[in-house]
Structures are given as C-alpha cells and as structure tokens.
Amino acid sequence: MLAYLDADRLRRTLPYPALISALRAAFQDAIEAPTRQVHTLSEEEGNVLVVMPAWKQGGMMGVKMFTSVPSNPQRGLPTLHYVYILYDTGTGVPLALLDAEEMTKRRTGAASALAATFLARPDSATLLVVGTGALAPYMAAAHCAARPIRTVRVWGRDSGKVQAACERIREQLADPRIRVEPAAGLEAAAAEADIITCATTSRAPLLQSAWIRPGTHVDLAGGFKPDMREADDELMARAALFVDTYDGALAEAGDLVQPIAAGRFGPEAVASDLAGLASGRHPGRVDPRQVTVFKSVGAAIEDLCAATLAWSSEPR
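Please read all numbers here as calculations on a predicted model, not as lab measurements. (Residues numbered from 1 in each chain as written. Predicted model: local features only at pLDDT ≥ 70, side-chain atom pairs only at ≥ 80, totals over all residues. Heavy atoms only, no water.)

A. Highlighting the pairing of strand β5 (residues 80-88). In this structure, strand β4 (residues 60-68) lies alongside β5, joined through 9 bridges in antiparallel fashion. If you follow M60 over to β5, its bridge partner there is D88. Where β5 meets strand β6 (residues 94-98), 4 bridges bridge the pair, whose relative direction is antiparallel. Looking at the pairing, L86 lines up with A96 of β6. (Pairing = 2+ DSSP bridges. Helix = DSSP H or I, 4+ residues; strand = E, 2+ residues; numbered from the N terminus.)

B. Representation of the nonpolar core in the model. Ranked by size, the top nonpolar core spans 69 residues in total, and within it L98 and V152 carry the most contacts. Within the second largest apolar cluster, 30 residues are counted, among which are W211, A231, L235 and F265. (Core = buried A, V, L, I, M, F, W, Y, C linked by side-chain atoms within 4.5 Å. Buried < 20%, exposed > 50% of the residue type's maximum accessible area, 1.4 Å probe, protein only.)

C. Spatial organisation of the sheet that holds β6. With respect to topology, 6 strands assemble into an open sheet ordered β1-β6-β5-β4-β3-β2, the strand pairing being mixed. Of all the strands in the sheet, the pair left with one neighbour each is β1 (3-5) and β2 (37-42). Strand-to-strand twist of the sheet, defined as the mean angle between neighbouring strand axes without regard to direction, takes the value 20 degrees. Inspection of the sheet shows β1 paired to β6 by 3 bridges, in the parallel sense. Bridging across to β6, L5 finds its partner in L98. (Axes fitted to C-alpha atoms, helices over the stretch in contact; angles between N-to-C directions.)

D. Spotlight on the side chain of K105. With respect to the helices and strands, K105 occurs in helix α3 (residues 100-119). When its relative accessible area of 17% is taken as the criterion, K105 is described as buried. Not counting chain neighbours up to four residues away, the residues in contact with K105 comprise A134, L135 and Y138. (Contact = heavy atoms within 4.5 Å.)

Structure, rendered in structure tokens:
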C-alpha cells in the first residue's frame, strides 16, 4: 500500500537544520533534474500544469506536479495545487505520496537558508520578510535556523495580513528570544536589515537599490515568472548575483530576465548556482560590505532531497 506522508509528518521529519544539511549534500550529488515542463491549460485564463522530475541512479526518483490557476482565489480556492510521488529508481516501485504543499514550502525556505550560509554575513541579526503569504513563516523560520537572527520584521500592504503573518512566524519559531514585529515601512526596514527575504507575486519591483546598505543579503524567493519583479534593475546590477539553478532562474525569473533583456548586464553576471556554492567552486560572500542577491525559482532536486529525507526518517 502506498504510504502517505501528511503535513504533520513532514514538519516532524524535515526540521530546518537537517533539511539545510541534506540540501547541501544533494547539490553536490549526481542527481538528474531536467528542466521543468510547463504545459498551458488555458491561454486566456493563464492556467498551467507544471511537471518536475528528478532521480538518482541507485536511489530514489520523484515527480512533483502542480497546477496554477490564477482565478482560483475568486472561487475561494488556492491558486496552486500540488502532488508529489516518490519512487524507487531501480525498481520503479512507487513508495509514497507526500503533501507536496508542505514539502515545497519547507524546501523553499531551506534552499534560501542554505544560500544564506554562504552569502549572508555570519553576524546577521535582523531579518526583513517582504510578503505576508503562506510562504512567509517558512522563509523566516529557515533563515533563523541558518543565522543568529534576533529580530524579524514583516512588511506587507495589508496591516491585518501583516499581523497574521507575524503570529504564524512566532508559531513556527517557537522561540521567545526572537522578536517578531510589523515593519513600520518598507524603505526604513530594508535599510536596517541584514537579510531581506521576499516571497511575493509582485509584477513591479518592491526593493530599491538606494535603500539597501552595504553588507546586506537579499533573498528573492517569489517572482517565479518572467513578468514578475521583486528588486529593481539597479539593485540587480549592483549586487553579486547567485541562483538556485542556472537553467531555471535565467529562463523564468523576471528579476534576471528583464534587466538582461534591457542590457543592464549579461547572464555571465550570475556568479554561481547552489551547486557551485555547495561544492566550494565559488566561495560565496568575499567582502563584509558586499551586497549579495540569491534568486530562486525552485528546483526538482530540492523536492527529491526533501522527500527522500522525510521517507528515510519515517519508521517502517
């Protein structure tokens, strides 16, 4: 019988320190992860089906499929619906069905936190979370697991949603030593932050280069389509740029696609991907006053890593 790993099991089996460590190893491993396939279901409505496979010879194989239906909130439904199936690569036998929504949120936060271990200053103490959606508490909790964060500020356009996000972050952290509070304003909070993590679907830049002080690390986890932006051209041109995967980020991330198309810089401006950082081929931050940007769009290798860790952690 196919096992089912629900959200509670994944929270138990995917603690951030273990998941960050597993991702670091996975990005050094021989895992095949073809570029995701995006199938348009409706041109008019923008509905798509995304398929993300990955496998390791002699190990596990997994496929994540998700739909994106932008009009779903009008029906009282989430925009995204996920499913993930884990297989034994050698036999092709399916092993488990996972709550892919919980898994995706946890691995997204952990991948950004992994990047921060190379790119954020080791003494980073103030985190700014830009966005109040479902991903916000996961990004906050993961970054707090990677750096000695003592203050988390949250910015969003709706004050009620900001307060709710602060409560969800406090629940995830469960650490009274970390202060979680609304940001008084985006410009002021960005100017005071050591790490800024953005998880939005904005189509216009939110972060302005002029606000970002030297030494800041900027984590752009939203903006997963070419028409989405979270940072302005000046910030992207100024910073040392890093991505989760070259193929995904350079094809799908508006924060890279748009300034490259405008001639602000070329693809070669991206210093490294996560594989390069994890393997030591690139040292990451080289100057405490450097501004670094990590742009992610998600990768199937991260899903397979999280699913494998969860499966191997479960008693059977």
